[in-house]
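Each chain, letter by letter, is given below.
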Amino acid sequence: MEAMLDKWLWQEEFWLPPGISWKDIEMKEHEGHYPLPRDLIYTLPLAFGFIVVRYIFERLIALPLSKYLGVKDRIQIRAPSVPKLEAFYKHNNRQPSQSEVVALVKQSGLSQRKIQTWFRHRRNQDRPSNTKKFCEASWRFVFYFIAFTAGLGSLINTPWFLDHRECWRGYPKQPVAEPHYWYYIMELGFYVSLLLCVSVDVKRKDFKEQVIHHIATIALIGFSYCGNYVRVGTLVMLVHDSSDFLLESAKMFHYASWRRTCDSLFVVFSLVFLITRLVVFPGRVVHTTLVVSLDFFQPFLGYYFFNALLLVLQALHIFWAYLILRMVYKFVFLGKVERDERSDEESEVDDDDDDEEEPEEEGEDCSWEQRKDAINSKLASLANNCVLNNLTNQRSINSRLPKARQWTTSN
């Protein structure tokens, strides 16, 4: 069974251009190392190693750095213990509909307003703190910056860095250099670690797109290595890393409330992102894989699969470019970046409500009575003012009446 699966998986028609067999690309030791699937076996333990390093980094470096830069966490009100509401929150829905609220009223005996307030506070209770988001952004910034610097250093002197036709000259019999091998292994291990941590990381509005991006990136890196698209693959990774570290640095200063620094970095990031993802990536990288490569070989199944993954990434680039342009619009017309368009999912729903409802949790019955008393006192005061105004107006009218009578009799 294993032999049949191995034979089916590594069919030459899928991995190699027409007319080329596995024997044709075998390399002798002095010719270099041909990329082999078994080379990627180190990525899984490396991914777990990244998770351990990240845990240590966030606590020993990122956390003290957040305090030094002045990152402040918002004080959140804890929702009181209501077992029936807690069970519904965990197993059904974090934002119950109106019909569900009515059903919960019957089950818990609380009013609709109290239930809605409880769910709002409970959602805010689960929202990640600014410190957590800062630590996550700082870890990604460090990796992306190191990856971009190392990747640029390993590629800047290669012939295919500027002349993309060199990506296909001699394909598929192209040896992989040691720096490019490690560039691949590190990037693949990092994205596997991100995918493993996706359930505990900050969930943003583009959570599904992020998962798709991680899966597509892992598939793209793994497949491109096994199919020896290493030269194009290194360019793809470099294009992505060039803007990612700028985004994470802007987030760090945003959570630290360094507005001017954040806005400046955001402008630089927007320019780099829009140029690299909407101009360089489709105009140079995708063009060379779709069009230029056909000057060197006939299309085959691996060619279509590889380009399909690149087009998935490009679709995600367009989606994120739309979000960035929305932020640019706010920056230009409002004078600042008000909010990350990819901010955590609860931020837009609950921010404003928190300020209005804060002093409510200790005995809601008591607070309701206090509100009633306050409303009644205001109504009474308003009524008294109306009565006083009426009396004053009546007195002024009466005081003018005798004068009017005297004036008519004298005439």
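The coordinates are above.
Below is a short write-up of the structure. (Residues numbered from 1 in each chain as written. Predicted model: local features only at pLDDT ≥ 70, side-chain atom pairs only at ≥ 80, totals over all residues. Heavy atoms only, no water.)

Considerations on the side chain of Thr 234
Consideration 1: Here Thr 234 shows up in helix α10 (residues 230-255).
Consideration 2: A polar atom in the side chain of Thr 234 sits 2.7 Å from the backbone oxygen of Arg 231.
Consideration 3: Residues within four places of Thr 234 in sequence aside, it is in contact with Leu 155, Trp 160, His 180, Tyr 183 and Tyr 184. (Helix = DSSP H or I, 4+ residues; strand = E, 2+ residues; numbered from the N terminus. Polar contact = N/O pair within 3.5 Å; in protein donor to acceptor, adjacent residues only side chain to side chain. Contact = heavy atoms within 4.5 Å.)

Quick notes on a nonpolar patch on the surface
Consideration 1: Residues Val 267, Leu 271, Ile 275, Leu 278, Val 279 and Ile 318 make up a contiguous nonpolar surface patch of roughly 510 Å² in combined accessible area.
Consideration 2: Ranked by the residues each element gives to the nonpolar patch, the list is headed by helix α11 (residues 259-290), at 5 residues.
Consideration 3: Along the chain, Val 279 turns up in helix α11. (Patch = residues over 30% accessible without salt bridge, like charges linked within 9 Å, V, L, I, M, F, W, Y side chains within 5 Å. Areas by Shrake-Rupley, 256 points an atom, 1.4 Å probe, with all protein chains shown as cover. Salt bridge = Lys/Arg side-chain N within 4 Å of Asp/Glu carboxyl O.)

Details of the side chain of His 180
Consideration 1: As for its position among the elements, His 180 is in helix α8 (residues 178-196).
Consideration 2: Residue classification places His 180 among the buried positions, given a relative accessible area of 5%.
Consideration 3: Excluding residues that lie within four positions of it along the chain, His 180 makes contacts with Ser 154, Leu 155, Thr 158, Trp 160, Val 230 and Thr 234. (Buried < 20%, exposed > 50% of the residue type's maximum accessible area, 1.4 Å probe, protein only.)

Let's talk about unusual backbone geometry
Consideration 1: Cis geometry marks the peptide bond from Tyr 171 to Pro 172; its omega dihedral reads 5°.
Consideration 2: Position of Pro 172 relative to the elements: it lies in the loop between α7 (130-155) and α8.
Consideration 3: One non-glycine residue, Asn 228, adopts positive backbone phi at about 60°.
Consideration 4: Residue position: Asn 228 is located in the loop between α9 (207-226) and α10.
Consideration 5: A relative accessible area of 2% means that Asn 228 is categorised as buried.
Consideration 6: A positive phi angle, near 65°, is found at Ser 257, a position not held by glycine.
Consideration 7: Within the element layout of this structure, Ser 257 appears in the loop between α10 and α11.

Quick notes on the nonpolar core
Side chains of nonpolar character tend, in soluble globular proteins, to be buried together.
Consideration 1: Ranked by size, the top nonpolar core spans 69 residues in total, and within it Trp 168 and Phe 281 carry the most contacts.
Consideration 2: Going through the elements one at a time, α3 (43-69), α7, α8, α9, α10, α11 and α12 (301-334) are the ones with two or more residues in this core.
Consideration 3: Among the elements that line this core, the one with the most residues is α12, at 11 residues.
Consideration 4: Excluding residues within four positions of it along the chain, Trp 168 makes contact with Gln 174, Tyr 229, Val 232, Thr 288, Thr 289, Val 292, Ser 293, Phe 296 and Phe 297.
Consideration 5: Counting 10 residues, the second-largest nonpolar core is a separate cluster that includes Val 82, Phe 88, Ile 115 and Phe 119. (Core = buried A, V, L, I, M, F, W, Y, C linked by side-chain atoms within 4.5 Å.)

So, the packing of aromatic side chains
Consideration 1: Tallied over the full model, the rule gives 37 aromatic pairs.
Consideration 2: A centroid spacing of 5.9 Å and a plane angle of 85° characterise the contact between Phe 50 and Phe 190, whose relative ring orientation is edge-to-face. Of this pair, Phe 50 sits in helix α3 while Phe 190 sits in helix α8, and the two are 140 residues apart along the sequence. Of the two residues, Phe 50 and Phe 190, both sit in the buried class.
Consideration 3: These aromatic residues form a ring-pair network of at least three members: Phe 14, Trp 15, Trp 168, Tyr 171, Phe 223, Tyr 229, Phe 297, Phe 300, Tyr 303, Tyr 304, Phe 305 and Phe 306. (Phe/Tyr/Trp six-rings, centres within 6.5 Å; stacked < 30°, edge-to-face > 60°.)

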